[in-house]
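The lines below spell out each chain.
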Amino acid sequence: MRSQDGKRLHTTATPRTRALLVGAEVASARSPWTAKDSLAELTMLAETAGLEVVGSLFQRLDQPFPKFFIGPGKVKEVAALCQEHAAGLVIFDDELSPGQTRNLEQELQIGVLDRTALILDIFAQHARTHEGRLQVELAQYQYLLPRLRRQWTHLERQAGTGGGTSAGGVVGLRGPGETQLEIDRRLIDRRIAWLKDQLVDVHRHRELYRKRRRQSQVPVVALVGYTNAGKSTLLNALSGADVYAADQLFATLDPTTRQLMLPGGQMILMTDTVGFIQKLPTQLIAAFRATLEEINEADILLHVVDLTHPNAQEHAQTVEQTLAELGVDKRPTLTVLNKIDRMEGVGPDDVAQVVADMGLPSDVVAVSAQRGWGLDHLASRIEQALGEAMVALDVLIPYQRNDLVSLWHRRGVIEQEEYAGDGTHILGRIPRDLAAQFGPYRAARSTK
């Protein structure tokens, strides 16, 4: 590249690390994802992390090999491709054990990452709030700790044995001393404990906020879905908010709550949550507990699906599986098919057929958050679903079951509460999935 006067110009941009991707289709895993589709997603993750993907390959396995995860012959193929494409990094689409990572790095003589480490790196780049940074750092240290114990054998240096007397140093520090590995492990353990204490404070503040929110009796609707399904864009379109939204994986990590007025005049709170992804690292699920608790508090879930994505069916299944793992799969859910503006020539009948082919509930709402299509209908459906999700009850709860009174305060709407001689009389509404617990205490004039 030359300037107008003929002089050669040199780019000052830092060259991106060249990465080779490796996947495996493990028969015993019984995943709905093919290795090819999963590698395509891994490519997007790598590009989101700022890497240049130079190639990919995968192997079909009955089960992973203990030493390298993939077979020895495939490792040689990976080494040859790395040399051919001048790759400086190899990324595996599955989580590797510490021993497998060490063996692969010794064999390939370049850096090796797994899917979990890559996702953690993306989260570290995108965490913008103090809470988000705490959560990501905790997840990173929890991921690092077992790898520190098994891999960093070069840190087996002795500390505390130098200088002093012929007896071996300062009193109280004589003997073999402490290895550098043990020092590093102790420092990380301390940091993890500190991070957990900080997140407990975050949890306490969030719980106070939720308590005030419950006392206001304002229903909560949580947006859930696969990463990049358009949840933040939908929140912006419905509420007029300015939540950061971009066409990339994990553009937003921190939960954002905005007020929204429904057509009938009812005020609700809508919360955007972190997107899900297949093979979501367990460290992240644990670290983002406070974020995921927003889903547990919701009266209704809006499951946002990118209808135009070639793996929309697998995305929906992954979200449903994650919700089941979180124990909220029985929560009232409304499926929202997003990005219909990108489906040229597709009419309502065609959308219905796509929904049937994907195995989604037939009762869905099709919208375009980007263009504002179908949002009025969606707001009406939210209003309808909120009414259907609550049961009107008139109960007399004995004092020995004050746990049920607390549950109603947390999850229900109280219209009247009185303390009688034999218990607490409550008139109000409770989520339908909790109503059975109050059945034995219904008063004679209870209604549904």
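You'll find the structure just up there.
Residues numbered from 1 in each chain as written. Predicted model: local features only at pLDDT ≥ 70, side-chain atom pairs only at ≥ 80, totals over all residues. Heavy atoms only, no water.

1. A few points about the pairing of strand E4 (residues 111-114)
Reasoning step 1: Side chains of E4 alternate between two faces, with Val112 and Asp114 buried and Gly111 and Leu113 left unburied.
Reasoning step 2: Direction of pairing for strand E3 (residues 89-92) relative to E4: parallel, over a ladder of 4 bridges. Among the inter-strand pairings, valine 90 is bridged to a residue of E4, identified as valine 112.
Reasoning step 3: The handedness of the E3 to E4 crossover, carried by helix H3 (residues 98-108), is right-handed. (Buried < 20%, exposed > 50% of the residue type's maximum accessible area, 1.4 Å probe, protein only. Helix = DSSP H or I, 4+ residues; strand = E, 2+ residues; numbered from the N terminus. Pairing = 2+ DSSP bridges. Right-handed = clockwise from strand over helix to strand, strands pointing away.)

2. Remarks on helix H4 (residues 115-126)
Residue pairs spaced three or four apart in an α-helix point in one direction, given the helix's 3.6 residues per turn.
Reasoning step 1: Its 12 residues place the ends of H4 17 Å apart at the C-alpha level, agreeing with the 16 Å of an ideal helix rising 1.5 Å per residue.
Reasoning step 2: Burial analysis of H4 places 9 of its 12 residues in the buried class, which makes it a mostly covered element. (Expected span 1.5 Å × (residues − 1).)

3. A closer look at the sheet that holds strand E1 (residues 18-26)
Reasoning step 1: Taking strand neighbours across the sheet as the criterion, the 4 strands line up as E2-E1-E3-E4 in an open arrangement whose pairing is parallel. Of all strands in the sheet, those bounded by a partner on one side alone are strand E2 (52-61) and E4. The average angle at which neighbouring strand axes cross in this sheet is 20 degrees, direction not considered.
Reasoning step 2: Bridge count between E1 and E2: 9 bridges; the pairing is parallel. Directly across from alanine 24, in E2, lies its bridge partner glutamine 59.
Reasoning step 3: Across the sheet, H3 lies against E3 and E4, angled at about 145 degrees from E4, the strand it touches most.
Reasoning step 4: Sheet contacts for H4: E3 and E4; angle to E4, the most-contacted strand, approximately 85 degrees. (Axes fitted to C-alpha atoms, helices over the stretch in contact; angles between N-to-C directions. Contact = heavy atoms within 4.5 Å.)

4. Digging into the nonpolar core
Reasoning step 1: Ile91, Leu118, Ile295 and Leu323 are the most contacted members of the largest nonpolar core, which totals 38 residues.
Reasoning step 2: Contributing elements (two or more residues each) for this core: E1, helix H1 (35-48), E3, H4, helix H5 (130-151), strand E7 (220-225), helix H9 (289-296) and helix H10 (312-325).
Reasoning step 3: Looking at this core element by element, the count peaks at 6 residues for H4.
Reasoning step 4: Ignoring sequence-local partners within four residues, the contact set of leucine 323 consists of Val224, Phe276, Ile295, Leu301, Val328 and Asp329.
Reasoning step 5: Counting residues in hydrophobic clusters, the runner-up holds 25 residues, among them Ala229, Val365, Leu375 and Ala379. (Core = buried A, V, L, I, M, F, W, Y, C linked by side-chain atoms within 4.5 Å.)

5. Quick look at the pattern of salt bridges
Side chains that carry opposite charge are capable of pairing whenever their charged atoms lie near each other.
Reasoning step 1: In total, this model carries 13 salt bridges according to the counting rule given.
Reasoning step 2: With a closest N to O distance of 3.3 Å, lysine 279 and aspartate 93 form a salt bridge. You can see lysine 279 sitting in the loop between strand E9 (267-272) and helix H8 (282-287) and its partner aspartate 93 sitting in the loop between E3 and H3, a full 186 residues away along the chain.
Reasoning step 3: The exposure class assigned to lysine 279 is partly exposed, which follows from its relative accessible area of 35%.
Reasoning step 4: Note that lysine 279 is salt-bridged to aspartate 94, the shortest N-O span being 3.2 Å. (Salt bridge = Lys/Arg side-chain N within 4 Å of Asp/Glu carboxyl O.)

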